[in-house]
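# Results of the structural survey
Here is how the chains run, residue by residue.
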Amino acid sequence: MGKKKLTEQQRRQQKRKKLAKRRRRRKILIVVELLILLVLGVGVYAASKYDLMNINPIDRENVMMNDEVAGNKELKAYTNIALFGIDSRDESLGDGNRSDTIMVASINNKTKEIKMVSVYRDTYLFIPKENSTYDKANLGYFYGGPELAINELNRNLDLDITDYVAVNFSALIDTIDAFGGIDIEITEKECFYINGYMTETSEITGKEKVELYESGLVHLNGMQATAFCRIRFVPTVNGTNDDYGRTERQRLVISKIAEKAKQADLATLNKVMDAVLPNISTSLTVKEMVELLSGIAKYELVDNAGFPFEKAATGMGSKGDCVVPVDLEYNVKELHRFLFGVEDYIVSGAVKEISDRIIEVSGLKHKETETIGGSSTE
């Protein structure tokens, strides 16, 4: 039997269906092309900005993590990056400089929520340099730059960090100025010390100093906010003192910058990057930067804290006054609870050994470690 002849109306309907199908295909192709162009555009844009930075690829085999940590399933759900603020008297960002600020930014890969932890720079930790020693945490960067500093964080805190971003004073000043300044609640004493720290910061960076004459909720420019971050001799508005107060101020300023960044338009963000990137050193590749930037609108800084959680300021012989974790094993458990939501975390053998050594030298042990079968030197 031959094919059944179509009526004129059926032919017209069939033709319309074919045309509609072609249009759908064309739309899909256009969308795919646009997506490809967008990804390529972001890549080219990131590459153009990448040239402005001090690129320092690190040997990831040198940022040793404990073997027990390498296969940790909980950590795989997060991207952990080390952030260093360098107390540099010139434009250098490598070893020979102390890390005035040491932070870990932990990004939940699924929710894009970020938690930050400041490691107090005077924290007494194991520094895995050639002649291994125990000393203040900020000396890791001094002895071996970002590689040794990351190694130190991984070995002492059971982390899996392989990348870092380091900035100097100029980068922080330029970032805040590009965003038009930030509003911070300050005390009269903080106002006095801001002016004092600005003198030195201005000499280091060559940037202008504008005296501050008021307290309360004050609009700070980049120089003033950077000086605010350096204060450690007076309590914060929350009553936190010493280096603990200094890191609290730093986290506050970063949270204010994050708020500004989320509200900024592309032109402002572009201005920020052009001003800041020359004063940044990082190990991130263009591909990694693009992956991070692709979710920037979803990022949210949800919490921050200082490490160690339980601590004691005490003299440690030739090392001087240090912040001693009481004890390291307990504090690492609390760190993994805070960053990754892991209850009853069991520290690695390496951390337990370091913790035992610090207990032996300092004589300080947390009660929970004693009662739950933790490390002991008795």
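For the structure, see preceding data.
Note that the structure is a prediction, hence the values are computed from the model and not measured.

## Topic: the packing of aromatic side chains
Throughout the structure, instances matching the rule amount to eleven aromatic pairs. An aromatic cluster is present here, built from Phe84, Tyr141 and Tyr164 joined pairwise through their rings. A cation sits over an aromatic face here: Lys129 above Tyr143, 4.8 Å from the ring centre. One residue, Arg249, lies across the ring of Phe228, its end atom 5.8 Å from the ring centre.

## Examining unusual backbone geometry
Here the bond from Phe307 into Pro308 is cis, since omega is 5°, no more than 30 degrees from zero. Note that Pro308 resides in the loop between strand E11 (300-307) and strand E12 (311-315). Following Val326, the chain continues to Asp327 via a peptide bond in cis, the omega torsion being -20°. For Asp327, the location among the structural elements is in the loop between strand E13 (321-325) and helix H11 (328-340). The phi angle at Lys112 is positive, at roughly 70°, despite the residue not being glycine.

## Things to note about the pattern of salt bridges
Under the definition given, this model contains 14 salt bridges. For the salt bridge of Asp122 with Arg232, the shortest nitrogen-to-oxygen distance reads 3.4 Å. Placement of Asp122 in the loop between strand E4 (113-119) and strand E5 (124-127) and of Arg232 in the loop between helix H7 (222-230) and helix H8 (242-263) is noted, with a sequence separation of 110 residues between them. Measuring nitrogen to oxygen at the nearest pair gives 3.7 Å for the salt bridge that ties Glu360 to Arg357. Pair noted here: Glu360 and Arg357 are both in helix H12 (residues 349-362), with a separation of three residues, about one helical turn. For Arg357, a relative accessible area of 38% gives the class partly exposed. Bridged by salt links that share partners, the residues Asp100, Arg121, Asp243 and Arg246 form one connected network.

## Section: the packing of helix H5 (residues 169-178) against H7
Taken N-terminus to C-terminus, the directions of H5 and H7 make an angle of 130°; their axes are 7 Å apart at the nearest point. When the axes of H5 and H7 are compared, the pair comes out oblique. Here H5 and H7 pass one another in a crossing that is right-handed. Between H5 and H7, the contacting residues are Phe169, Leu172, Ile173, Ile176 and Asp177 on the first element and Gly222, Met223, Ala225, Thr226, Cys229 and Arg230 on the second.

## What to know about the nonpolar core
Grouped together as the largest cluster of nonpolar side chains are 44 residues, with contacts concentrated most on Phe84, Val119, Ile150, Leu153, Leu157 and Leu328. Discounting chain neighbours no more than four positions away, the residues touching Val119 are Ile102, Leu125, Ala137, Leu153, Leu157 and Phe307. By size, the runner-up hydrophobic cluster in this structure holds 28 residues, among which are Ala171, Ile182, Ile194 and Val272.

## Comments concerning the environment of Arg98
Relative to the elements of secondary structure, Arg98 occurs in the loop between strand E2 (78-86) and strand E3 (99-108). A C-alpha to C-alpha distance of 6.0 Å links Arg98 and Leu139, two positions 41 residues apart in sequence. Residues in contact with Arg98, not counting those within four places in the same chain, are Gly85, Ile86, Asp87, Asn138, Leu139 and Phe142.

So, how was this worked out
Residues numbered from 1 in each chain as written. Predicted model: local features only at pLDDT ≥ 70, side-chain atom pairs only at ≥ 80, totals over all residues. Heavy atoms only, no water. Phe/Tyr/Trp six-rings, centres within 6.5 Å; stacked < 30°, edge-to-face > 60°. Lys NZ or Arg CZ within 6 Å of the ring centre and 35° of its normal. Helix = DSSP H or I, 4+ residues; strand = E, 2+ residues; numbered from the N terminus. Salt bridge = Lys/Arg side-chain N within 4 Å of Asp/Glu carboxyl O. Buried < 20%, exposed > 50% of the residue type's maximum accessible area, 1.4 Å probe, protein only. Axes fitted to C-alpha atoms, helices over the stretch in contact; angles between N-to-C directions. Parallel < 35°, antiparallel > 145°, perpendicular 65-115°, else oblique. Left-handed = near helix turned anticlockwise from the far one by under 90°. Contact = heavy atoms within 4.5 Å. Core = buried A, V, L, I, M, F, W, Y, C linked by side-chain atoms within 4.5 Å.

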